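Summary of the model geometry
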There are 2 protein chains.
Amino acid sequence: MRHRLKDVAERAGVSVKTVSNVVNGYVHVRPDTRARVEEAIAELNYRPNLSARHLRKGRTGVIALAVPELDIPYFAELARHVVTAAAAYGWTVLIDQTGGRREQERVVASGITDHLIDGLIFSPLALTAEDLAGLDGTPMVLLGERVEHGPADRVVIDNVTAAREITDHLIKLGHRRIAAIGSQRTDEGASARLRLAGYADALRAAGLDYDEALVAPASAWHRADGAAAMRGLLTSGVRPDAVFCFNDTLALGALRALHEAGLRVPEDVAVVGFDDIEDGRFSIPTLSTVAPDKERIAHLAVELLANRLDGDRAAPAKALSAPYRLELRESTRTP
Amino acid sequence: MRHRLKDVAERAGVSVKTVSNVVNGYVHVRPDTRARVEEAIAELNYRPNLSARHLRKGRTGVIALAVPELDIPYFAELARHVVTAAAAYGWTVLIDQTGGRREQERVVASGITDHLIDGLIFSPLALTAEDLAGLDGTPMVLLGERVEHGPADRVVIDNVTAAREITDHLIKLGHRRIAAIGSQRTDEGASARLRLAGYADALRAAGLDYDEALVAPASAWHRADGAAAMRGLLTSGVRPDAVFCFNDTLALGALRALHEAGLRVPEDVAVVGFDDIEDGRFSIPTLSTVAPDKERIAHLAVELLANRLDGDRAAPAKALSAPYRLELRESTRTP
DNA sequence: CATCGTTTCTACAACGTTGTAGTCAACGTT
DNA sequence: AACGTTGACTACAACGTTGTAGAAACGATG
């Protein structure tokens, strides 16, 4: 019950290539021939074999998106936008989960990509520039600043400035003991490093001290890590009056920990996050955050990939910047 | 820089087929020959072309998972488990977003699947049994009860009983005016219909009236829909003392609306959801819910697909049931 | 009417892989 | 010494598609 060009050709009484021409929209086919072929296609419910087409054309029409974890809302939302943006090019998106493990990321970057897909959009957590150095095969677009001087195109947002602005927002509201949650060892998260830098910049510009005790590390950026870090800050006695969490899930965890400690947000402690995930628009209180334009990020990434596929593969790597804005909600509303 | 069996063969001084045999672990290859070939493979960084292999063997090693939306946390969490379960079989998972639109679901069920993938795990929202009737090509496993008498294997949970139990939990806590949020037109959500049935069962068994005015429809099951439905219930004057939301995102929206109305949960109104998404473990208050065993669902689905691929494709369709449990948290804690 | 260009179609080869059939040497058995 | 068996390998064809080259039919032009 699975048919080939040959079956359609026999039924329509034409050559295999003519059917192929009809399928691919080649113009020089007589209308009545085209109609006969299309009828045969419909009758047999013919679908092209993509593997064969790929083998012949060198293109699959499939791109991959590799993210650390799908159930981190930021990546899920990003994935949705990438799928939508790719659809405009007629591409299917294969989504890969790396778990943020360097080994798995390396496998994705070199292995999977090799022949099944045309290109890769990659959001690495642990990968280094060296891991990418030897890969000159599949075109790749990196998201974020994890690999800063690699050979691949990139889409970034200005983490330092965004972090500075949201911290500044807290300062303008009168907060003086502003904690930060989400710092990481420097060889891990580049985002963490940049957001911490923006936070420190804002403090310095306002003449506030940078207090090590107010900076809480978080190895992962899940709700549980945010809650744990917040509890740590509360019991350590540093008494922050505001918290900048390096992403929204950390912030949601922090909200929870503050609630459990009997503290009100924003009256006792103000909270801001980063990413603008949907949860933050419905949490109690709603969450002030930096909102990267995920749709634009996805669009730019797909576009870079398209240019790379159709154009010069040896052209120097480009880095594009996507915009963001501050979403100010209840968690920082002035009392 | 992309090499083929032929390149490896020339470098190792053997035939193409011998390299193929090494790659595929064929036993009758002399150790020294094997070593030479493996050395050549490593030197050239050879990777098999999956399209060519598929064309020849009829298998890609890729399965697809089609879900309505990736940024609905339930599906994102499910996707993670499916990817993990599939990895055990050496499969890559291609994730497809249908948006819950029947047209797109039909395309996925018939089109994409045709030649690129070995099998499909499908969570349809709008598809009907007729849409599936003509598809005898790619093996498929359906998740949920949307298509009840289709030709494909299925993994379900007992929605009616689960809904009855969680409603019963509310009744046991002393609630008498229990609202339901998430009902849909009968030709749409099968889950909605079953959960509503379980809700009605529980009321009847407890001798409580089923009051139409307490049942709020929700066309989609997002946070915003839950909030809107809850606001509707509050302004309509029916004064519920508990709410059963047909999924967790609806419930999170309802929590938000209750908060905005100045009502306390669970003191004034108790709230329960369905799905056990991560958000519900950190929301304020934390959310009581029905927790389907997503890992098991994913595992069963992958296993069914594996059996179908390796075994009898004409065997009658099987339906497997996955367990669930009640997760009782703050949103229903007794006052 | 011969010539030319265009339209419409076909035959063939190739993409990279693996199954089948077969070659050839080495070995053990009669 | 002749025979069959096994191990180790190779040549070839085929999977379904599309690019290339070119043939056949047709109308327009000189």
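Residues numbered from 1 in each chain as written. Chains lettered and ligands numbered in written order. Predicted model: local features only at pLDDT ≥ 70, side-chain atom pairs only at ≥ 80, totals over all residues.

Per an unreviewed UniProt entry, chain A carries the name LacI family transcriptional regulator and comes from Micromonospora taraxaci.

A short note on the protein's contact with DNA strand D
Near DNA strand D, the surroundings consist of 24 residues, among which Leu 5 and Ser 20 of chain A together with Ser 15, Thr 18 and Thr 33 of chain B are the closest. Going through the elements one at a time, helix 2 (16-23) and helix 4 (50-57) of chain A together with helix 2 (16-23) and helix 4 (50-57) of chain B are the ones with two or more residues in the surface near DNA strand D. Sorting elements by how many residues they give to the surface near DNA strand D places helix 4 of chain A first, with 5 residues. A class-by-class count of the residues in the surface near DNA strand D yields 9 nonpolar, 7 polar and 8 charged. (Near = placed C-beta within 6 Å. Helix = DSSP H or I, 4+ residues; strand = E, 2+ residues; numbered from the N terminus. Nonpolar A, V, L, I, M, F, W, Y, C, P; charged D, E, K, R; others polar.)

Considering the pairing of strand 9 (residues 270-274) of chain B
Residue and element names in this part refer to chain B. Of all 5 residues that make up strand 9, 5 are buried, and the element is covered over most of its length. Here strand 9 shows a buried face lined by Ala 270, Val 272 and Phe 274 and a second buried face lined by Val 271 and Gly 273. With 3 bridges connecting them, strand 8 (residues 242-245) and strand 9 associate as parallel partners. For Val 243, the partnering residue across the bridge sits in strand 9 and is Val 271. Handedness of the β-α-β unit built from strand 8, helix 11 (residues 248-260) and strand 9 comes out right-handed. With 3 bridges connecting them, strand 9 and strand 10 (residues 288-292) associate as parallel partners. (Buried ≥ 20, exposed ≤ 12 C-beta atoms within 10 Å, placed from the backbone. Pairing = 2+ DSSP bridges. Right-handed = clockwise from strand over helix to strand, strands pointing away.)

Section: unusual backbone geometry
The omega torsion of the bond from Val 265 of chain A to Pro 266 of chain A falls at 10 degrees, within 30 degrees of zero and hence cis. On the secondary structure map, Pro 266 of chain A appears in the loop between helix 11 (248-260) and strand 9 (270-274). One non-glycine residue, Asp 275 of chain A, lies in the positive phi region at around 130 degrees. Examined against the element boundaries, Asp 275 of chain A turns out to sit in the loop between strand 9 and strand 10 (288-292). Notably, Asp 276 of chain B is not glycine yet its phi reads approximately 60 degrees, a positive angle. Along the polypeptide, Asp 276 of chain B turns up in the loop between strand 9 and strand 10.

Considering the interface of chain B and chain A
At the interface, 41 residues of chain B touch 41 residues of chain A. For the side of chain B that touches chain A, the secondary structure elements donating two or more residues are helix 4, helix 5 (73-87), strand 2 (92-97), helix 6 (102-116), helix 10 (223-236) and helix 11 of chain B. Residues belonging to the side of chain B that touches chain A are distributed by class as follows: 18 nonpolar, 11 polar and 12 charged. (Contact = placed C-beta atoms within 7 Å.)

Overview of the packing of helix 1 (residues 5-12) of chain A against helix 3 (residues 31-44) of chain A
Residues and elements named next belong to chain A. It is the contact of helix 1 with helix 3, at a shortest axis distance of 9 Å, that shows an interaxial angle of 125 degrees. Put simply, helix 1 runs oblique to helix 3. Relative to helix 3, the crossing made by helix 1 is right-handed. Counting all contacts with helix 1, which are made through Asp 7, Val 8, Arg 11 and Ala 12, the residues of helix 3 involved are Arg 36, Val 37, Ala 40, Ile 41, Glu 43 and Leu 44. (Axes fitted to C-alpha atoms, helices over the stretch in contact; angles between N-to-C directions. Parallel < 35°, antiparallel > 145°, perpendicular 65-115°, else oblique. Left-handed = near helix turned anticlockwise from the far one by under 90°.)

Thoughts on the sheet that holds strand 5 (residues 153-156) of chain B
Residues and elements named next belong to chain B. With parallel pairing, the 6 strands of this open sheet are ordered in space as 2-1-3-4-5-11. What marks the edges here is a single partner per strand, and that holds for strand 2 and strand 11 (319-321). For this sheet the average axis-to-axis angle between neighbouring strands, irrespective of direction, equals 20 degrees. Of the pairings in the sheet, the one linking strand 5 to strand 11 comprises 3 bridges and is parallel in character. Bridge pairing in strand 11 places Val 156 opposite Ser 321. Against the sheet, helix 5 contacts strand 1 (62-67), strand 2 and strand 3 (119-122), and its axis sits at roughly 165 degrees relative to strand 1.

Looking at the relation of the copies chain B and chain A
Both copies of the chain are related by a screw-like operation: a rotation about an axis and a shift along it. The two copies are related by a screw operation: chain B maps onto chain A through 180 degrees of rotation and 0.2 Å of translation along the axis, at an RMSD of 0.3 Å. Put plainly, the chains are arranged around a two-fold axis. Residue by residue, 100% of the interface of chain B is reproduced at the interface of chain A, so both copies engage with the same surface. (Least-squares fit on C-alpha atoms with pLDDT ≥ 70 in both.)

Digging into the sheet that holds strand 3 (residues 119-122) of chain A
Two orientations exist for strands paired in a sheet by backbone hydrogen bonds: parallel and antiparallel. Residue and element names in this part refer to chain A. Overall, parallel pairing links the 6 strands, which are arranged 2-1-3-4-5-11 in an open sheet. Single-partner strands in this sheet number two, and they are strand 2 (92-97) and strand 11 (319-321). Pairs of neighbouring strands in the sheet enclose a mean axial angle of 20 degrees, with direction left out of account. For strand 1 (residues 62-67) and strand 3, the ladder comprises 4 bridges, and the chain directions are parallel. Its bridge partner lying in strand 3, Leu 65 is registered against Ile 121.

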